[in-house]
Amino acid sequence: ILLSHLIILQATLLLAGNPSRKGSDIKMDDEQQATSLETSLARPIDEIFTKPESAPVVHAPPAVDSWPHRPVFILAGKDVSVHRTKSEESCPIGIPFDFETHLFSGKALIRIRNLETSDNPKSDAEYFAGRKRLSQCIVQGRFKKEMKLSDVFCGREYEKPMKQKPPPFVNKIVQTFLRRVAPGVEIDLCSDNPKVLAPLAGSVQGLRADAEGQEPDILTIDDVEDYGFDLDAKRRKKKFSDPRHASKHVFDTETVYTFNSFDDSISYVDYQMNLKVMKLDMSLVLNGQPFQFMAKSKSDGGYLWLFNICNERLLENNASA
């Protein structure tokens, strides 16, 4: 929830950086979209997704017309090995899949509301029924080395600056405020590599720690209840969002951990963010960069998992840039 609010705050401040820009200016009309998409599809995909030389090398998705879940493509990070899936193939959507990195081994399930091309649309519909949620990412597995809770972060990070940066003083005000209410949060809206990061154990909606063989089925329609740290979700988030407390606890290598996160503000089908008073085209705000489901080590920068949520709208934005 904290991360969702930070993303909304980020988007709002980005608009505030250019107050003359109205909500109606964010969206392209149908003719512009058609022209932009035609232009983008004519360009090589690897050219569109090329990163600056100083950024990590990231493989690109294949041509759009081959995407199995079009208009969405789940692109695993370059250091993430998805079992039985080649690097240029999309991760499954709606069904669990196994993955591994040098820090974590387990399985993940990604659900996206109203995605008709999901691998299991019936199960997705059952999960989202009666809920306002637009997406879910649940990860379950074991750590390959013992890690302090204060070392494991989740959130978003980008290789290019935002389309509309807020003034630096706004970023400073936000950082000062967040240090008081959530000391572990790191947010930078103004740099060439913006980020919004928070301690995983202090921000994820559901967290379980079970002995092997006792872990829940991640396909369950019901929410995974907190278990394993002798804290309910509310107290866990408050305690572990503070690095002073999080540093006194560890993720060990024997326990099976389950992390359940969901969001009700971002639609990955059309890349729109619902700000209640308006909908924002995030493919423009994010400068054509994808959102991510990810967790990483703060100490060495390595990823526990990284799944980029690509959409055709990102290609449109890159083509019109």
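Coordinates for the structure precede this section.
If you're wondering where the values come from, they're calculated on a predicted model, not measured in any experiment.

**Student:** Hey, could you run me through the side chain of R313 in this one?
**Tutor:** Mapped onto the secondary structure, R313 falls in helix α11 (residues 312-320). Side-chain polar atoms of R313 contact the backbone oxygen of D270, separated by 3.4 Å.

**Student:** What am I meant to see in the nonpolar core here?
**Tutor:** By size, the foremost hydrophobic cluster in this structure holds 63 residues, and its most contacted members are F259, W305 and F307. Those residues in contact with W305 that sit more than four places away from it in its chain are V80, F99, T101, F104, V139, L200, F259, F293, M294 and A295. Judged by nonpolar contacts, the second largest core, of five residues, contains V170, V174, I187 and V196.

**Student:** For this particular structure, what's the right way to read the pairing of strand β10 (residues 206-210)?
**Tutor:** Every regular strand shows the same layout, with side chains that alternate between the two sheet faces. Among the five residues that make up β10, five are buried, leaving the element largely enclosed by the rest of the structure. Alternating residues of β10 divide into G206, R208 and D210 and L207 and A209, and every residue in both groups is buried. The sheet contact formed by β10 and strand β12 (residues 256-263) spans five bridges and is antiparallel. Counted as the bridge partner of A209 is Y257 from β12.

**Student:** Looking at this structure, how should I read the pairing of strand β4 (residues 104-112)?
**Tutor:** Taken across its nine residues, β4 has seven buried, putting it largely inside the fold. Relative to β4, strand β3 (residues 97-100) runs antiparallel, the two being bridged by four bridges. Along β4, the bridge assignment pairs D98 with K107. The turn joining β3 and β4, which pair antiparallel and follow one another in sequence, is formed by three residues.

**Student:** I tried to follow the side chain of N260 on my own but got confused; where do I start?
**Tutor:** Relative to the elements of secondary structure, N260 occurs in strand β12. A distance of 2.9 Å separates the side chain of N260 from the side chain of Q136, its partner in a polar contact. With near-sequence residues (within four places) excluded, N260 lies in contact with Q136, C137, I138, V204, Q205, G206, D223 and V224.

What counts and how
- Residues numbered from 1 in each chain as written.
- Predicted model: local features only at pLDDT ≥ 70, side-chain atom pairs only at ≥ 80, totals over all residues.
- Heavy atoms only, no water.
- Helix = DSSP H or I, 4+ residues; strand = E, 2+ residues; numbered from the N terminus.
- Polar contact = N/O pair within 3.5 Å; in protein donor to acceptor, adjacent residues only side chain to side chain.
- Core = buried A, V, L, I, M, F, W, Y, C linked by side-chain atoms within 4.5 Å.
- Buried < 20%, exposed > 50% of the residue type's maximum accessible area, 1.4 Å probe, protein only.
- Contact = heavy atoms within 4.5 Å.
- Pairing = 2+ DSSP bridges.

That's the geometry; what it means functionally is another story.
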